[in-house]
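Close look at the chain arrangement
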Amino acid sequence: MPLSAIKTVAKAQNGVGAFILQCKRLDFHYSNWAGSSRGMNAFIRSQLPVFAKNNPQIEIRVSPRGNKHPVIIGHYINGKTKPICVRNMTPEGVREKTELLRDASGEKLKRVNKPVTSLNESVRGIWSPFHGAKIQI
């Protein structure tokens, strides 16, 4: 009877091997005449082409939306969206918010109670004050 090896498949983890950017699309909505869209309009004319060239993996949509404040909406591969209003921001502020949406994961923000999280259990197990030698008082 021939022996065959067991096939093991490693569990995929982002950051190990190839990195997959979580943001798949950015939508830029602005108004042509509203004063609150001045920074967004300047960003779209001057800095957006450079941003699009540096990030070819992200689809970029630009659409005018009259009588409303400018908004950037990030769409992520997990199906979530994150809108950010960029009303009365400078072009540099709009660029910072665009980079923030690009680098975000799409997950809701959650409080981190432990500084390190791991998929593997500790080698020693869970510590308890009842372990070890008894102390006589």
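Procedures and definitions
- Residues numbered from 1 in each chain as written.
- Predicted model: local features only at pLDDT ≥ 70, side-chain atom pairs only at ≥ 80, totals over all residues.
- Heavy atoms only, no water.
- UniProt positions renumbered as here; feature names shortened; annotations may be inferred.
- Helix = DSSP H or I, 4+ residues; strand = E, 2+ residues; numbered from the N terminus.
- Contact = heavy atoms within 4.5 Å.
- Areas by Shrake-Rupley, 256 points an atom, 1.4 Å probe, with all protein chains shown as cover.
- Pairing = 2+ DSSP bridges.
- Axes fitted to C-alpha atoms, helices over the stretch in contact; angles between N-to-C directions.
- 1 Å grid on protein atoms, 1.4 Å probe; cavity = no way out; pocket = protein on both sides within 12 Å on 5 of 7 lines; lining within 4 Å.
- Points joined across faces, edges and corners; volume = space filled by probe spheres on them.
- Nonpolar A, V, L, I, M, F, W, Y, C, P; charged D, E, K, R; others polar.
- Buried < 20%, exposed > 50% of the residue type's maximum accessible area, 1.4 Å probe, protein only.
- Polar contact = N/O pair within 3.5 Å; in protein donor to acceptor, adjacent residues only side chain to side chain.
- pLDDT = per-residue confidence, 0-100.
- Parallel < 35°, antiparallel > 145°, perpendicular 65-115°, else oblique.

Taking an unreviewed UniProt entry as the reference, the protein chain is identified by name as Large ribosomal subunit protein mL43 belonging to Lophiotrema nucula. According to its UniProt record, the protein chain has this under Subcellular location (unreviewed entry): "Mitochondrion". Quoted verbatim from the Sequence similarities (unreviewed entry) heading of the UniProt record, the comment on the protein chain is "Belongs to the mitochondrion-specific ribosomal protein mL43 family."

This paragraph deals with the overall build of the protein chain. In terms of regular secondary structure, the protein chain is built from three helices and four strands. Each helix (α) and strand (β) of the protein chain, taken in turn from the N terminus, gives the series β-α-α-β-β-β-α. Taking contacts inside the protein chain between residues at least 6 apart in sequence as the whole, the part at least 24 apart equals 69%. Surface accessibility of the protein chain: about 11200 Å² in total, with carbon and sulfur atoms responsible for 56%.

Now for the sheet that holds strand 1 (residues 23–30). In any sheet, the strands associate via hydrogen bonds between backbone groups, in a parallel or an antiparallel arrangement. Strand order in the open sheet formed by four strands is 2-1-3-4, and the pairing between neighbours is mixed. Every interior strand has two partners, whereas the edge strands, strand 2 (59–64) and strand 4 (81–85), have only one. If you compare each strand with its neighbour and ignore which way they point, the axes differ by 15° on average. Note that strand 1 and strand 2 share six bridges and pair parallel.

Here the phi dihedral of Asn-67 falls at roughly 60°; this positive angle occurs in a residue that is not glycine. Turning to its location among the elements, Asn-67 is positioned in the loop between strand 2 and strand 3 (71–76).

Bringing the layout of surface pockets into the picture now. The computed volume of the second largest pocket comes to approximately 150 Å³. Residues that form the lining of the second largest pocket fall into these classes: one nonpolar, one polar and four charged.

With that out of the way, let us pick up the environment of His-69. Topologically, His-69 is positioned in the loop between strand 2 and strand 3. Owing to a relative accessible area of 37%, His-69 belongs among the partly exposed residues under this scheme. Distance in space between the C-alpha atoms of His-69 and Ser-36 is 6.3 Å, their sequence separation being 33 residues. Here His-69 is in contact with Ser-36, Cys-85 and Arg-87, once residues within four sequence places are set aside. Of note is the side chain of His-69, whose polar atom sits 3.0 Å from the side chain of Ser-36.

This part is about the confidence of the model for the protein chain. Per-residue confidence for the protein chain averages 85 on the pLDDT scale, and 85% of its residues sit at or above 70. Least confident of the elements in the protein chain is helix 1 (residues 38–46), whose mean pLDDT is 95; most confident is strand 3, at 97.

A separate point is the packing of helix 1 against helix 3 (residues 91–103). Contact geometry for helix 1 and helix 3: axes closest at 8 Å, N-to-C directions at 75°. In terms of axis orientation, helix 1 runs roughly perpendicular to helix 3. Contact with helix 1, carried on its side by Gly-39, Met-40, Ala-42 and Phe-43, involves Pro-91, Val-94, Arg-95 and Thr-98 of helix 3 and no other residues of that element. Partitioning the contact of helix 1 with helix 3 into residue classes produces five nonpolar, two polar and one charged.

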